[in-house]
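Examining the three-dimensional arrangement
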Amino acid sequence: MIENRIFAPSMEAITEFYPFLSTPKDVVITMHQKPDGDALGSTLGLSLFLRKLGFKTHVISPTNWASFLDWLPGCKDVIDYEANLSLSEKLIDEAAIIFCLDFNVFSRTKNMASLLEKSNAVKVLIDHHEEPQKEAFQYGVSNINKSSTCEMVYDFIMDAGYTALLDLDIATCLYTGIMTDTGTFRFPSTKASVHQAVVHFKQLGLKHTPIHERIYDSFRETRLRFLGNALLNRMEVFYQYNTAMMVIPRSDLVHFKTQTGDTEGLVNYMLALEGIKFAAIVIDREENARKWSFRSKGTFDVNRFARAHFNGGGHKNAAGGLSTEPLDEAVKQFKNVLEQYEKELSAPYQY
Ligand code: 5GP
Ligand code: MN
């Protein structure tokens, strides 16, 4: 047993956890709701690695995910919590260790949050988001300078001394999250270490082209037409603030028969507008919540913006949040708060 739980008031370094890798256990690996390429890639990559060490692993997602990620090695075994409540509860209850990847506050796991909170398992964090809830984890690594959680799982495997266990399937999972979270290697988080990891993956036989095609060239016709409609009819540009926003009403989601993942990446298109530094999208997705996504270029900090005004968080240049108000109220609130940032948004920035 790992008995540190009661005695550790705050998270211990992940290096302190390495010795436990030589004693295989039953573990659960989980991620944030509506997992993206980084959340699924990192959890699956870690799972495949731990299985090679003899661990019994169960990867549980708090919700479903986009079908363009289904091909990931091991993805068919991922348990969707909302579709398998009693099995998930049993596995979480029986787990000796719960690995928490690509999120750092339990609220990001939607309805699984209270289960994770009350679990007696040892909780291990691997994550790159701002402001982790450190007291909730016994061991972990939180590094906002890392491109992706997938890069951190790569570091974990290397640093713990298991380079020889990295194989093509693990590399494929980890490449996927690195690729998606770096905006295909363009964001400033794409440090030399990212390309060095990719060199290693290529040496293991990674075929990157099919991965890009499965993720980015796999639209259904309705998804592409939904995107066209959003760009044509749902975008507003505020040149005074170097800002663009999109408002997606529920009727569009119904009309274009959207599925999980269809809105992913929509917010980024607005950053293609010359001079635009801040892009926001609000989607009238659920009965009681409007989902925001924020993206920025340069120094404008959308994590801070999302935390201050929209119950959210994330990274400096990519964050999300929620509004409980009706859609038009939420939009009004956004336009009002934007005024406060005029000076910041009109100033030039350096890389
Ligand atoms: P997205 O806009 O793609 O949903 O999320 C952008 C980034 O912000 C991701 O890293 C995601 O994990 C984080 N994020 C999205 N929504 C929330 C939220 O409501 N709260 C927090 N803390 N982070 C979020
Ligand atoms: Mn991530």
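Below, the structure is looked at part by part. (Residues numbered from 1 in each chain as written. Chains lettered and ligands numbered in written order. Predicted model: local features only at pLDDT ≥ 70, side-chain atom pairs only at ≥ 80, totals over all residues. Heavy atoms only, no water.)

**Description of the overall build of the protein chain**
What the protein chain contains, in helices and strands, is 13 helices and 13 strands. Since a compact globule built from 351 residues should have a radius of gyration of about 20 Å, the 20 Å found for the protein chain is in line with a globular shape. On the principal axes, the C-alpha backbone points of the protein chain span a range of 60 × 45 × 40 Å. Looking at the protein chain as a whole, 52% of its 351 residues qualify as buried. For the protein chain, restricting intrachain contacts to residue pairs at least 6 apart in sequence, the fraction spanning at least 24 positions comes to 67%. (Helix = DSSP H or I, 4+ residues; strand = E, 2+ residues; numbered from the N terminus. Rg over C-alpha atoms; globule rule 2.2 N^0.38 Å. Buried < 20%, exposed > 50% of the residue type's maximum accessible area, 1.4 Å probe, protein only. Contact = heavy atoms within 4.5 Å.)

**Topic: the side chain of S88**
Here S88 shows up in helix α2 (residues 85-94). Assessed through its relative accessible area of 0%, S88 is described here as buried.

**So, the coordination of the manganese ion (ligand 2)**
Each protein donor to the manganese ion (ligand 2) is listed here as D38 (OD), D102 (OD), H128 (NE2) and D181 (OD); together their distances run 2.1 to 2.4 Å. Sequence spacing among the residues donating to the manganese ion (ligand 2) works out to D-x63-D-x25-H-x52-D. Here D102 is found in the loop between β5 (97-101) and α3 (113-118), whereas its partner H128 is found in the loop between β6 (122-127) and β7 (139-142), with 26 residues between them in sequence. By relative accessible area, D102 is classed as buried at 1%. (Donors = N, O, S within 2.8 Å, 3.2 Å for Na, K, Ca; no water.)

**Details of the pairing of strand β11 (residues 289-296)**
Within β11, seven of the eight residues are buried, which leaves it mostly tucked inside the rest of the structure. Pairing between strand β10 (residues 278-286) and β11: seven bridges, direction antiparallel. Within β11, the residue paired with A280 across the bridge is F294. If you look at the hairpin formed by β10 and β11, you'll find two residues sitting between the two strands. Here six bridges tie β11 to strand β13 (residues 318-323), and the two strands are oriented antiparallel to one another. Bridged to W292 within β13 is G321. (Pairing = 2+ DSSP bridges.)

**Notes on the environment of D252**
If you trace the backbone, D252 turns up in helix α9 (residues 250-255). According to the relative accessible area criterion, D252 is buried, its value standing at 5%. In this structure the C-alpha to C-alpha distance between D252 and E274, which are 22 residues apart in sequence, comes to 27 Å. Leave out the neighbours within four places in its chain, and D252 touches F226, N229 and R234. A polar atom in the side chain of D252 sits 2.7 Å from the side chain of R234. (Polar contact = N/O pair within 3.5 Å; in protein donor to acceptor, adjacent residues only side chain to side chain.)

**Brief notes about the site of ligand 1**
In the vicinity of ligand 1 there are 13 residues, among which R108, H129, S293, R295 and H315 approach most closely. Contact between ligand 1 and K291: an oxygen atom at 3.3 Å from a side-chain N or O atom of the residue. With the chains in place, 81% of the 490 Å² that ligand 1 exposes on its own is no longer accessible. When contributions to the shell around ligand 1 are tallied by element, the ones reaching two or more residues are β11, β12 (313-314) and β13. Sort the elements by how many residues they give to the shell around ligand 1 and β13 lands first, with four residues. When the residues that make up the shell around ligand 1 are grouped by side-chain class, the tally is two nonpolar, eight polar and three charged. (Near = heavy atom within 4 Å. Areas by Shrake-Rupley, 256 points an atom, 1.4 Å probe, with all protein chains shown as cover. Nonpolar A, V, L, I, M, F, W, Y, C, P; charged D, E, K, R; others polar.)

**Brief notes about the sheet that holds strand β1 (residues 12-13)**
Backbone-to-backbone hydrogen bonds join strands into a sheet, with any given pair of strands oriented parallel or antiparallel. The seven strands lie next to each other as β1-β7-β6-β5-β2-β3-β4, forming an open sheet whose pairing is parallel. Edge positions in the sheet fall to β1 and β4 (79-80), since each has one partner strand and no second. Of the pairings in the sheet, the one linking strand β2 (residues 26-30) to strand β3 (residues 56-61) comprises five bridges and is parallel in character. Across the sheet, T30 pairs through a bridge with I60, a residue of β3. The strands touched by α2 within the sheet are β2, β3, β4 and β5, with β3 carrying the most contacts at an inclination of about 130°. (Axes fitted to C-alpha atoms, helices over the stretch in contact; angles between N-to-C directions.)

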